[in-house]
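Residue-level listing of the chains:
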Protein chains: 2
Amino acid sequence: MQNKGLLIVISGPSGAGKGTICKALLEKNKDIKISVSCTTRMPRDGEIDGVNYYFINKEKFAEMIEKNDFLEYATVYGNYYGTPRSYVEEEINKGNDIILEIDIQGALMVKERYPEGVFIFILPPSMEELKNRIIKRGSETEESFNKRFSAAYDEIKYMSKYDYAVVNDVVEDAVRKVESIIVAEKCRCNRMLKTGYFEQEGK
Amino acid sequence: MQNKGLLIVISGPSGAGKGTICKALLEKNKDIKISVSCTTRMPRDGEIDGVNYYFINKEKFAEMIEKNDFLEYATVYGNYYGTPRSYVEEEINKGNDIILEIDIQGALMVKERYPEGVFIFILPPSMEELKNRIIKRGSETEESFNKRFSAAYDEIKYMSKYDYAVVNDVVEDAVRKVESIIVAEKCRCNRMLKTGYFEQEGK
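- Where an unreviewed UniProt entry is consulted, chain A appears under the name Guanylate kinase, with the organism given as Caloramator mitchellensis.
- Note on chain A: under the UniProt heading Catalytic activity (unreviewed entry), the record states "GMP + ATP = GDP + ADP".
- As recorded by UniProt, the Sequence similarities (unreviewed entry) comment attached to chain A reads in full: "Belongs to the guanylate kinase family."

Right, here's the structure in full:
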């Protein structure tokens, strides 16, 4: 029996650095794959169908929504983007681990549809640093600062819906933590009970 | 705020190699401490009170049972052995991780009394290997073999009460898995929410 791979969802507020962590993680771990999204937008120069995105038309996208073929989807500037369930499930059934880098709203959709995923929330180095970033982005009044900080803080509260939280202070440390989470998750008893180990017994 | 340490319970059937794993883990990680048990037996030559064991008399032991001062205890050949809750909690509150190497019955007692512990089940390399070990120990008849194998197999079924299972095929790999579990557990959202991180917000 082939052991199943993991769906690893890397998510968190914008500016936490989830992209940097995913990039470093994929570079270090050639056996981890990144989920390829579907989109209805036109391919840009150099983009390859099935590598950067699956480029599909709006009718096909609508049909896939209808058939519950997306783990999550959203519209950005009139174009649809979505994570196809079939690709993720095929890879996982082959025993491959899949990374999905996604915003909080998307991650919560995935969790509803694929609760056996591993949900990792990336946190900025500190709340102090988050404050600094908000100040740097230019909040002129105390009121405007409070509003922005409160919004970012509320977003961080979604952390409790996740399995893990990793503080992105030093990228290498954060990546090592994500790697440890992957190793540990494969040792979880509920996953171990589904592996080939217990098929050897021949009782 | 000082982040709390973890109570890491290493357990499993006899012969799985939990002692070997704990020894290697402690050698590699000088900051992890091993729980010091209380016992009513006499110290042997070279044994130091508070290092090898806390040597106490039966009256004191009974008093500690009465006061629910043990995470688990058992009698072996008329002597009492127990894991004192106070030592474990003191170290954990100081932020130190504590390893407890213990049989399945003891681990289940600890789980009742300290459910926030991390419970790791050590498995023999394979069910085949378990069979071989049982055969090597000398089961002359098929009936006797079946009985022994079935007993060992039943013991392994307790695995589902644990958080993690680690197969002890190569000791170094098993130790690395336990190390990853420790790192990952510290990233668990329920633990992260209790760390100093969110105290920086100053909202």
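## As for the packing of helix 7 (residues 171-187) of chain A against helix 7 (residues 171-187) of chain B
Packed helix pairs are specified by the crossing angle of their axes together with the interaxial distance, meaning the distance between the axes.
Logical step 1: One way to put it is that helix 7 of chain A packs onto helix 7 of chain B with a least axis distance of 7 Å and a crossing angle of 110°. Relative to helix 7 of chain B, the element helix 7 of chain A is oriented roughly perpendicular. For helix 7 of chain A against helix 7 of chain B, the interelement crossing comes out left-handed. Here helix 7 of chain A contributes A:Lys177, A:Ser180, A:Ile181, A:Val183, A:Ala184 and A:Cys187 to the contact with helix 7 of chain B, which in turn contributes B:Lys177, B:Ser180, B:Ile181, B:Val183, B:Ala184 and B:Cys187.
Logical step 2: Taken together, the residues of the contact of helix 7 of chain A with helix 7 of chain B break down into eight nonpolar, two polar and two charged.

## A closer look at the packing of aromatic side chains
Logical step 1: Per the counting criterion, the structure on display carries 16 aromatic pairs over all chains.
Logical step 2: Geometrically, the ring pair formed by A:Phe70 and A:Tyr73 is tilted, given 6.0 Å between the ring centres and 50° between the ring planes.
Logical step 3: With relative accessibility at 0%, the residue A:Phe70 sits in the buried group.
Logical step 4: Seen from their ring centres, B:Tyr53 and B:Phe55 are 5.9 Å apart, and the 55° between their planes marks the pair as tilted. Each member of the pair, B:Tyr53 as well as B:Phe55, carries the same accessibility label: buried.

## Section: the interface of chain A and chain B
Logical step 1: In this assembly, 36 residues from chain A lie in contact with 35 residues from chain B.
Logical step 2: If you look at where chain A meets chain B, you find two salt bridges.
Logical step 3: Measuring nitrogen to oxygen at the nearest pair gives 3.3 Å for the salt bridge that ties A:Glu185 to B:Arg188.
Logical step 4: Inspection of the region where chain A meets chain B yields eight residue pairs in polar contact (both at pLDDT 80 or more).
Logical step 5: Taken together, the elements giving at least two residues each to the side of chain A that touches chain B come down to helix 5 (127-136), helix 6 (142-156), strand 9 (164-167), helix 7 and helix 8 (189-192) of chain A.

## Quick look at the relation of the copies chain A and chain B
Logical step 1: Placing chain A over chain B gives an RMSD of 0.0 Å and needs a rotation angle of 180°, together with 0.0 Å of translation along the axis. The operation mapping one copy onto its partner corresponds to a two-fold rotation axis. Of every C-alpha in chain A, the one belonging to A:Ser180 sits nearest the axis of rotation, 2.2 Å from it.
Logical step 2: Mapped onto chain B, 97% of the interface residues of chain A again fall at the interface, so both copies present the same surface.

## Comments concerning the pattern of salt bridges
Between side chains of opposite charge, a pair can form when the charged atoms approach closely.
Logical step 1: According to the stated counting rule, one finds 23 salt bridges over all chains in the structure shown.
Logical step 2: Among the salt bridges present, the one from A:Glu91 reaches A:Lys94, with a minimum N-O distance of 3.2 Å.
Logical step 3: Owing to a relative accessible area of 5%, A:Glu91 belongs among the buried residues under this scheme.
Logical step 4: Three or more residues joined by partner-sharing salt bridges are found here, namely A:Glu185, A:Arg188, A:Arg191, B:Glu185, B:Arg188 and B:Arg191.

## A look at the UniProt feature "binding site: ATP" (unreviewed entry) in chain A
Residue and element names in this part refer to chain A.
Logical step 1: Here the UniProt feature "binding site: ATP" (unreviewed entry) sits at Gly12, Pro13, Ser14, Gly15, Ala16, Gly17, Lys18 and Gly19. Filtering the just-named annotated residues for those lining the second largest pocket gives Gly12, Pro13, Ser14 and Lys18.
Logical step 2: Following the sequence through the fold, Pro13 ends up in the loop between strand 1 (7-11) and helix 1 (18-28).
Logical step 3: In contact with Pro13, not counting residues within four places along its chain, are Lys18, Ile104, Phe121, Ile122, Pro124, Glu155 and Ile156.
Logical step 4: Looking at Lys18, the relative accessible area reads 13%, which means it is buried.
Logical step 5: Setting aside anything within four residues of it in sequence, one finds Lys18 in contact with Ile10, Ser11, Gly12, Pro13, Glu101, Ile102, Asp103 and Ile122.
Logical step 6: Only 3.1 Å separates the side chain of Lys18 from the backbone oxygen of Gly12, close enough to count as a polar contact.

## Comments concerning helix 3 (residues 85-93) of chain B
Logical step 1: Listed in full, the buried residues belonging to helix 3 of chain B are B:Arg85, B:Tyr87, B:Val88, B:Glu91 and B:Ile92.
Logical step 2: Looking one or two residues past helix 3 of chain B, B:Gly95 carries a phi angle of roughly 95°, positive in sign.

## A few points about the layout of surface pockets
Logical step 1: Here the largest pocket defines a volume of roughly 1,200 Å³.
Logical step 2: Around the largest pocket sit 44 residues that line it, and B:Val183, B:Glu185, B:Lys186, B:Cys187 and B:Arg188 are the ones nearest its centre.
Logical step 3: When contributions to the lining of the largest pocket are tallied by element, the ones reaching two or more residues are strand 9 and helix 7 of chain A together with helix 7 and helix 8 (189-192) of chain B.
Logical step 4: Sort the elements by how many residues they give to the lining of the largest pocket and helix 7 of chain A lands first, with seven residues.
Logical step 5: Residues that form the lining of the largest pocket fall into these classes: 18 nonpolar, 10 polar and 16 charged.
Logical step 6: Roughly 880 Å³ of volume is contained in the second largest pocket.
Logical step 7: Lining the second largest pocket are 34 residues; nearest its centre among them are A:Lys18, A:Glu101, A:Ile102, A:Asp103 and A:Ile104.
Logical step 8: Where the lining of the second largest pocket is concerned, the elements lending two or more residues are strand 5 (70-76), strand 6 (79-84), strand 7 (97-101), helix 4 (104-113), helix 5 and helix 6 of chain A.
Logical step 9: Residues that form the lining of the second largest pocket fall into these classes: 17 nonpolar, nine polar and eight charged.

Thresholds, definitions, all that
Here the residue numbering is sequential within each chain, running from 1 through the sequence in written order. Each chain is given a letter, starting from A, and each ligand a number, starting from 1, according to the order in which they appear as written. Predicted model: local features are reported for residues with pLDDT of at least 70 only, side-chain atom pairs are reported and counted for 80 or more only, and whole-chain, interface and lining totals are derived from all residues. Excluding hydrogens and water, the side-chain figures rest on all heavy atoms present in the structure. UniProt positions are given in the numbering used here, feature names are shortened, and annotations may be inferred rather than shown by experiment. Only C-alpha atoms enter the line fits that serve as axes; for helices the fit covers just the stretch in contact. Angles between N-to-C directions range over 0 to 180 degrees. The numbering of helices and of strands both runs from the N terminus, where a helix is a DSSP run of H or I of at least 4 residues and a strand a run of E of at least 2. Orientation labels follow simple angle bins: below 35 degrees gives roughly parallel, above 145 gives roughly antiparallel, 65 to 115 gives roughly perpendicular, and whatever is left gives oblique. Definitions for this section: a left-handed crossing has its near helix turned counterclockwise from the far helix by less than a right angle. A right-handed crossing has that turn clockwise. Residue contacts are defined here by distance: any two heavy atoms, one from each residue, within 4.5 Å place the two residues in contact. Side-chain classes are defined by residue name, with Ala, Val, Leu, Ile, Met, Phe, Trp, Tyr, Cys and Pro counting as nonpolar, Asp, Glu, Lys and Arg as charged, and the others, Gly among them, as polar. Any two of the Phe, Tyr and Trp rings considered here, Trp counted by its six-membered ring, make a pair once their centres fall within 6.5 Å; the pair's planes then place it as stacked at under 30 degrees, edge-to-face at over 60, or tilted in between. Partly exposed describes any residue whose relative accessible area lies between the buried limit of under 20% and the exposed limit of over 50%, with all areas from a 1.4 Å probe on protein chains only and scaled to the type maximum. Salt bridge, as applied in this entry: a Lys or Arg side-chain nitrogen positioned within 4 Å of an Asp or Glu carboxyl oxygen. Pairing of N or O atoms within 3.5 Å defines a polar contact, subject to two protein rules: one partner must be a possible hydrogen donor and the other a possible acceptor, and residues neighboring in sequence count only if both atoms are side-chain atoms. A residue counts toward the fit only if its pLDDT is at least 70 in both copies, and the copies are then superposed by least squares on the C-alpha atoms of those residues. A cavity here means a set of 1 Å grid points, computed over protein atoms only, where a 1.4 Å probe fits but cannot escape. A pocket is an open set with protein on both sides within 12 Å along at least 5 of 7 lines, and lining residues have an atom within 4 Å of a point. Grid points are joined across faces, edges and corners, and a volume is the space filled by probe spheres set on the points.

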